[in-house]
Each structure stands twice: as structure tokens, then as C-alpha cells.
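Structural overview
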Amino acid sequence: MSGLFLIILIPFLYAVIVPFIFKRIPQLHTGWFVLPIPVVLFVYLVKHITLVAEASPFIHTVPWIPSLGINFTTYVDGLALIFGLIISGIGTLVTLYSIYYLSKEREALDNFYVYLLLFMGAMLGVVFSDNILVLYLFWELTSISSFLLIAYWYQRKGSRYGAQKALLITIFGGFAMLAGFLLLANITDTFSIREMILEAGGITAHPLFLTSMVLILLGAFTKSAQFPFHIWLPDAMEAPTPISAYLHSATMVKAGIYLIARFTPIFGGSMEWFWIVSGVGLITLFWGSFSAVKQKDLKAMLAFSTISQLGLIICLLGLGSAAMYYGPGENAVLYIPAILAAIFHLVNHSTFKGCLFMVVGVIDHETGTRDLRRLGGLMGLMPVTFTLAVIGSFSMAGLPPFNGFLSKELFFKGVLNASRLDIFRMETWGMLFPAIAWIASIFTFIYCMIFVFKTFTGKYYPQRLENIKPKKPWGMLFPPAVLASLVILFFFFPNPLAQYLLLPAVASVLPDFAEVGLGLEPIKAWHGWTPELFMTMGVVGIGVFLYINFPKWSGIYGRLPGKFRLNYIYDSLLRITEKSFDRITRGYMTGFLRDYLFYIFAFFVLVLAGVMFVLKSFAFNPALNNSISIYEVVLALAMVGAALMILFSRTKLVAIISLGIMGYLVAMFFVVFRAPDLALTQLVVETVTTVLFLLCFYFLPELTPEIRKIGFNAANMVVALGVGLLVTAMAISAQNNRFFAPISWFFENSHELAGAKNIVNAILVDFRGFDTMLEILVFCIAGIGVYTLIKLCLTEGERNENK
Amino acid sequence: MKTNDVILQTVTKVATFIILTFSVYLFLAGHHNPGGGFIGGLVVASAITLLFLAYDVKTVRAGLPPVDFKILAIAGVLLAVITGMGSFVFGKPFLSHAFGELDLPFFGNTEFATSVIFDVGVALAVFGTALSIIYTISEDMCIWRR
């Protein structure tokens, strides 16, 4: 697999040509040209399943910045492979689905597919990268592509709001994660995750261990929408439905789970990791399922359900990390199944949630609404969609014969085992885990029932729907049908899946245990009259009862005061920061050039005088200087006179001409010092700039007595004097501070080296030609800058006149 | 108020030619005597500026070839960069120059140097930028006056 890094790069490379395809071939939907990419990736990865499951993982390194230890290392083990398969597999189905979902006439398909491919490449990069800095790069790239995709319909206010919210929260977490990565790299002295795992034993005692762990978890929790950072995910539902199915349920939000699983070998086994990960996961599981019940929008309901399911997986990973505390042996066997359940549920969730999102997309596409209050009785209209919805949501509720039942049972088993832990103070708090998990599962059951029965049964009100399309969307039903058949397939044949995909993934989460054997039993649908089966039966019984009596207890949702809602807090925070920073910026950006010049010169004086003071570089050595002649004295006095004239002149014209005199006097200095080239240049430059000044001052008001009476400004005088003194001091000290060989040695051999007798010109075009080239470049840029500034002002003025 | 520019205009007509000729001399003299691309370009710019002052911008612009000064400046920078890259062909580092002598009929023994091409780029960039700044501002003034 030497070309492994290519699978990450292919989507990026292909994204470059997508806009051209869209422009050139408008007849055919652009999606058909994008579809082969995830298909090829999927097939390529499938071919390596058995190799990864049996042999050691694949690794391939391309040096990138070797001097900093940053290499583009692709690493494929069981865990990465599962994610890679989900990304490319669901990616294929979503692309196919989007071909029928997005109209090729009305939508900007080039943007859509470029962002989609960007995301695909970035996500593959996250799961296949071994170097944490490369991982971080791809991680942020997924945030950015998610931002672009949420704001795909950027004309809508809700899309922009949701995109901004998602970006702010996930990038905040990303920054925290970067800080955590850097701390971790500092502790272990490597950027490679594999090498960190090898050193994992020694880092627990390090004082920065906890800080780096919390920072990295912040990144994972924001990305995976864990409480209290989950608020971005419901707003992200403004994205087109294929994107919600792909990014916001199947792949991107699982990046946090990937990160936690990947770092379990490093942090796992400590009490903080166990409590933070499983605790946050459990709270999110409960809060997500509790909030999902009250949603009226189908997509919002699925968003909260995704939040809660992600919490479930993260909680399981936290519980499973208890095995690391015991190390390989008898005691750990109880907790390893939690990790298996997490990975299994991760796969299952991708199948049934992807299916459900696509079903919602079909309903939205066909009826024009996703509002539960308007929908009802669609069963007769859409029998296939109904079947798919039943499969998906019953699996989510944890009912047989669907794969959700298996992983839900494993989950119950995990929390029950955890409640019997006698470490990490679990002896006192342990019973909370099964209790909360069980309550959350009841709510999960309720919203699953609402999803199916409120939409498809009951009375059908065609007048409430916006439009009914008679066309059968077979292309939109095929992808969810594939996922629904996987939901059933995994129920009946879980063990081949476990053998080739799940167990290798568990082995990479718990590498120490893989060597001595994981000791996992095969997954069975029927496992006797166990406590977890009774729990499931209880969930169904109480869930049905509560669903039927829903109107009687739905009042509890209005109880939480608005001020404590997380969205309210987020909005206020945003408003307050925007306002206060706006005020600060307005405080110093006055719009007056004189203020900006004041800042610039004050900074100049502070920094340079500070450097001069700290380095003690001021030096005055009169012995090095030549004697001063009468010409120089006269010229200097004349310059002082001209400078005073600028200050006290009554009209602008006099001031400009005095400035010109100053320039000519400098040219005279060059004449005295026998530098004809410089003198000539100075004379011409001075002439041209004087004309330019005259032109510019034409626009400015006359120096009326009112303007002249600006008043004495002490700060301005201090800065002005400071600049003058500083430049003088620098000029004097320059004589005594020589760091480099003077370039005037070219003087002796300019004719031999450059064939030129004029040393100045030889230096300009030959010896220091690079300087000259950059100088004319800067000059040219300045000219273009002047041009644009003036043209821009002009249009601005015209616009004001038209008002 | 009607301005009387007769003297300025008459002098300018003659002076411009002298200045332009001088600028060519300055440019070519640069190798061995005071002068060079930078000053050569600037002197041309000042000659045109003088024309702008003596007559008005529109008249002068109509008499000049219709070349955008910005394009001239950019062409100059490009020429300088490309000359610098020319040394790659001979496997030398960026901006290496060569010079040699050649016997030409009529001119006799003449010296050639690749740095002259670079200098043409410098002259063009300086000339183009200086004039484009002055021209933009003065053109702007005409519109404001309306």
C-alpha cells in the first residue's frame, strides 16, 4: 500500500476539475462525475479488510517537513479502516442520493461537489494520519468544509447563522485540541501517535497530563456535539439533507469519537479520563434524547437523536477505558465488551441514521415540509418510504430484528458491568449509570415512535402540505434501501462483521490486550434471560405507555426558563463580544490620518528606542568622522530654515515648496560628497514629488485661521521630537555598528566583475540586482495601490451622490 | 481667470526634446558614467509631467501612444524578472549577468551586457509607475472639477 496517501489526496485533486466539468457538461448532473471517487475509494479499502484484520497495520510515510518532525504518515489499522469504509461507503450513497435530491438546473452544483470532495479528503485525512499536526490540519479542514456546506443556501439567514455557530464552536474546540496536542508532543517528544502510545506508560505522572487531556477532549466534544457544545448541531440542519446525512450524522460528528478511541491507549486507565468521557457521554445521551422528544421538525428531531447516540458511544468508550486500569487479565474482561459495543454501535448508527436522514429528505422533497404538525397519514402515499422509516427508527429504538437491538443490549451490559466497578469511586455512584442510561433509552424509544407514527399514520391533510409531487423518486429511495438492508443484515450476521472489522478496531483501541487476546464472546441476538433483556422490555413497556399519554406530560418541556437555555447563553455571548470589540475598534480607528500617523510613529519610537536602549547600541565616535567643511554647515543651516518654513507657512503652496527646497538641499549634499548618481536621482525625484504634492493639495482646504489653530498637542510634539532624535541617533550609531562586510569593496573590482566603470549602477543592476528587482516590484505595487485607492473613492463618492 | 501659459508652453516644446534626449543618454551612459535605468526612467517621467503641466492632461494623452502606464510598469517588472531567470538557461544562479565586446561596423568596438536588459525593465517600471500615479490623480481632479 505504498500509494496509501493517494487515497487522501484523490478527492482534493478531483475537486479541482469539478467546476470545469460543471461548466462544460451542463446536460448531465455533475454528481455522476463525482460518484466514481467514493466508489473507487470504497472498493480499494474493502480489498484490504482481510489484510488489515490478519496482518499488521499498514503504514507509509512521505517526508513533509522532516526538520520539524512533521511527516505525512498514513497509518491504516482496524479503527482507521472502519472509519474509512464508513466515509467512502456512506459517501457513495450520499452522492448518489444528492443526484436526485439537488436539481441540476437550479443549484450551484459545482460548489456543492467541491465542498463535498474537500470534506471527504479531509475526513479521510483525519482518520488515516498518524502525525498529530497533520491530523489537526485535516481536522480543521473538515470544520471549514462543514461550514461551507451548512451555508450552501447562503441566501437564507438560518443557514448563515447555523454555519457561523458550527464554525465558532468547532474551531474553538479545534484550537483547544491543538494546544493539547502541543502539550502532549512536549511531554512525549514526538508528533506521532504510535510513538506516543509506546510511551504512554510514563506520561501519567507528568504535571501537564491532565491539562493536555482536557484540552484534547474539548476538541473531541465540540466536534461530536457533546453537552454543552451540542447546540451547533440542530442549527447545522439548515444544510441540504444529503449533507446532514453524511457530515452531521455519519462521519464528521464521529471524528470526536475517533479521537477519543485513538487516544484511549494514551490516556485510558486514569480516573479523570473515565469520568469525563463517560460522564459527558451519559449526560449528552440523556439530554439529547430528552430534547428530541419535543422537536416539531423531523430534521431537528434527528439532530438531537444524533447528539444522544453520539453520547452513548462516547459513554461506552469511557466505560471501556476501565479495562486499561486493570491491564490484561481476568478483571479487564468485564469491560472490554463496552469498547466492542461502542465500535459496533458506531457502525450501526451510521447505517440507521443515514437511512433515516435520507427518508426525511424524501418526505421533505415530496411534500415540501418536515413539520410534524402538518404531516400525517403518509403511509398510503409512500409505502416504501414508510418501510424504510420503520426499519431505521425501530433499530434506533433498540428493537429486534434490527442491528440497533444488538448494540443496545451490549450497551446495557456495559453500564451494568460498570456499576459493579469498585475503582474510581464507582462503588458510590455506579448505579447512576444504568439508571440514566435506562431513562434515556425510554426517551429514545418515544421519539422513534413519534417519528414513525406521527408522520405516517393518523389523518392525512393534503391542504396542509405545500406540494405533492407525483413522481416516484426511485433514485432517492435506493441509497436508504441499501442502508436499511444492512441494518437487517447486521442483525442476523453480526459475527463476520465483528471478526473482520470490529475486533481489529477494538484491538487498535486496546493494543495491550490484543496481544494476549481480547476474550470477547461472539455477539448473539438471544443470550438468555439476562438483566439487559429485562431492561429492554421495560423500555418498550414504559415507552409505549408514555407515548400514548404524551399530551398529558409534554408540559414539562416549557419549564426551563429561557435565560438558562444554552442557545440563549450562546447568543448573548456572541452579542456581547461583538459589541465590546466593536466599541474597542471604534475607539482607535478614528478615520483621521493624523491619528494613524501618530500610532505608527509612536510605535516606531517605542520599538526602536527600546531596542537601542536594551542592546545599548548607541555609539558616538567622532574620531571616525571626517572634518566638517563650510559647505556642509551652510547646507545644514539652510535645511533647518526650510524645515521651519514648512511649520510656520501660512499657505499650503509655500509649505510644499519649502519641502521641495529641503529635497534639493539634500541633493546638494550629494554633490558636495561627489555622488553624481544620487544627486541626479534626488533632483528628479524631488521635482516629480513636488508636482504630485501640488496635485494632491489641490483637493485639500485652504489653511484658514480656524484650521491653523489646531492647538498645541503635547503628545504629538513628544512623538515628533522622538522620531527626529531617534533617527539622528541611529544615523550616528550606524557608523560604529557594522555587522556585515561593507558592499563598497565592489568599488575596487566593479570593472572586472561586471564590466562597468560606474560602481553605483553595477551595484544596482548586478551585484545587488535582487534588491533592485524587489524594489521596482514594490514601487509598482504602490502605484497600483494609488490607482485603486483613487478609483475606489470615486465610485464611493458617486454612490453617495446617488442616495 | 484666464491663465497665460505662452512662455511655459513655448519653453516646454523645446525643453521636452532636450530632456528626452538627455534621458536616453543617461540610460545608456549608466554603465560607465553617472546615469542608469532608474534615473533614465524618472527623467522621461518628468518630461511628460512637464507636458502635463504646460498643456492639459487630455491633450498630452491624445498625443501619446495609447498605452496604459500601469501595463508599462508591470511589463517592466516582468522583463526584469525574466532577465533574471535567463541565467537559468546557462546553469547560473538567478540574476547572473554576462558582458562582452563585439566589433560592429560603424560603431566600432562596442560593449554589450545583459544587465542592460534588466535596466530596461527597471526604467520601464519606474517610468510607468510614476506616470500612472500622476495621471490617475490628475484625471481624478478633472472629474471632480465637473
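My aim in this report is to walk through the structure given alongside it, one point at a time. Small disclaimer: the values here were computed from a predicted structure and weren't measured. (Residues numbered from 1 in each chain as written. Chains lettered and ligands numbered in written order. Predicted model: local features only at pLDDT ≥ 70, side-chain atom pairs only at ≥ 80, totals over all residues. Heavy atoms only, no water.)

**Observations concerning the pattern of salt bridges**
The tally for this structure, following the rule as stated, stands at eight salt bridges over all chains. Its salt-bridge partner being arginine 370 of chain A, residue aspartate 364 of chain A comes within 3.3 Å of it at the nearest N-O pair. Looking at aspartate 364 of chain A, the relative accessible area reads 17%, which means it is buried. Overall, the relative accessible area of 21% leaves arginine 370 of chain A in the partly exposed class. One salt bridge in this structure joins aspartate 68 of chain B and lysine 70 of chain B, with 3.1 Å as the shortest N-O distance. Under the relative-accessibility criterion, lysine 70 of chain B is labelled buried at 17%. (Salt bridge = Lys/Arg side-chain N within 4 Å of Asp/Glu carboxyl O. Buried < 20%, exposed > 50% of the residue type's maximum accessible area, 1.4 Å probe, protein only.)

**Some thoughts on the side chain of threonine 690 of chain A**
With respect to the helices and strands, the residue threonine 690 of chain A is situated in helix 32 (residues 676-697). The buried category is assigned to threonine 690 of chain A, whose relative accessible area is 15%. (Helix = DSSP H or I, 4+ residues; strand = E, 2+ residues; numbered from the N terminus.)

**Focus: the pairing of strand 2 (residues 70-76) of chain A**
Residue and element names in this part refer to chain A. Burial analysis of strand 2 places six of its seven residues in the buried class, which makes it a mostly covered element. For strand 1 (residues 58-65) and strand 2, the ladder comprises seven bridges, and the chain directions are antiparallel. Among the inter-strand pairings, isoleucine 65 is bridged to a residue of strand 2, identified as isoleucine 70. (Pairing = 2+ DSSP bridges.)

**Quick notes on the packing of helix 7 (residues 132-150) of chain A against helix 14 (residues 255-267) of chain A**
Residue and element names in this part refer to chain A. Viewed as axis vectors pointing N to C, helix 7 and helix 14 meet at an angle of 165°, and their least axial separation amounts to 12 Å. It follows from the interaxial angle that helix 7 and helix 14 lie roughly antiparallel. When you trace helix 7 past helix 14, the crossing you get is left-handed. Here Ile132, Leu135 and Trp139 of helix 7 come into contact with helix 14, specifically with Ala255, Gly256, Tyr258, Leu259 and Phe263. Classifying every residue of the contact of helix 7 with helix 14 gives seven nonpolar, one polar and no charged. (Axes fitted to C-alpha atoms, helices over the stretch in contact; angles between N-to-C directions. Parallel < 35°, antiparallel > 145°, perpendicular 65-115°, else oblique. Left-handed = near helix turned anticlockwise from the far one by under 90°. Contact = heavy atoms within 4.5 Å. Nonpolar A, V, L, I, M, F, W, Y, C, P; charged D, E, K, R; others polar.)

**Looking at the interface of chain B and chain A**
Between chain B and chain A, the contact holds 46 residues from the first and 40 residues from the second. Taking both partners together, chain B and chain A bury about 3900 Å²; carbon and sulfur atoms supply 79% of that area. Where chain B meets chain A, there are zero salt bridges. Viewed at the interface, chain A and chain B are joined by one residue pair in polar contact (both at pLDDT 80 or more). (Buried area = accessible area lost by both parts, 1.4 Å probe. Polar contact = N/O pair within 3.5 Å; in protein donor to acceptor, adjacent residues only side chain to side chain.)

**Some remarks on the environment of phenylalanine 263 of chain A**
Mapped onto the elements of the fold, phenylalanine 263 of chain A is located in helix 14. For the pair formed by phenylalanine 263 of chain A and methionine 213 of chain A, sequence separation is 50 residues and the distance between their alpha carbons is 9.2 Å.

**Description of empty space enclosed by the protein**
Residue and element names in this part refer to chain A. Within the structure shown, the criterion is met by three cavities of 30 Å³ or more. As a volume, the largest cavity reaches approximately 40 Å³. The wall of the largest cavity is formed by Leu319, Gly320, Leu334, Tyr335, Pro337, Ala338, Gly414, Asn417 and Ala418. Of all the secondary structure elements, the ones that give two or more residues to the lining of the largest cavity are helix 16 (298-320), helix 18 (336-367) and helix 20 (403-419). (1 Å grid on protein atoms, 1.4 Å probe; cavity = no way out; pocket = protein on both sides within 12 Å on 5 of 7 lines; lining within 4 Å. Points joined across faces, edges and corners; volume = space filled by probe spheres on them.)

**A short note on the environment of isoleucine 276 of chain A**
Residue and element names in this part refer to chain A. Position of isoleucine 276 relative to the elements: it lies in helix 15 (residues 271-293). Considering only alpha carbons, one finds isoleucine 276 and methionine 213, 63 residues apart in sequence, at a separation of 10.0 Å. Here isoleucine 276 is in contact with Met213, Val214, Leu217 and Phe221, once residues within four sequence places are set aside.

**Considerations on helix 3 (residues 36-46) of chain A**
All names here are of chain A. Looking at helix 3, one finds that the buried residues are Ile37, Pro38, Leu41 and Leu45. Axial view of helix 3: buried residues confined to an arc of 90°, hence all on one face. Here the buried face of helix 3 lies against helix 1 (4-24), helix 2 (31-34), helix 4 (49-54), helix 5 (78-101) and helix 6 (109-128). (Arc of directions from axis to C-beta.)

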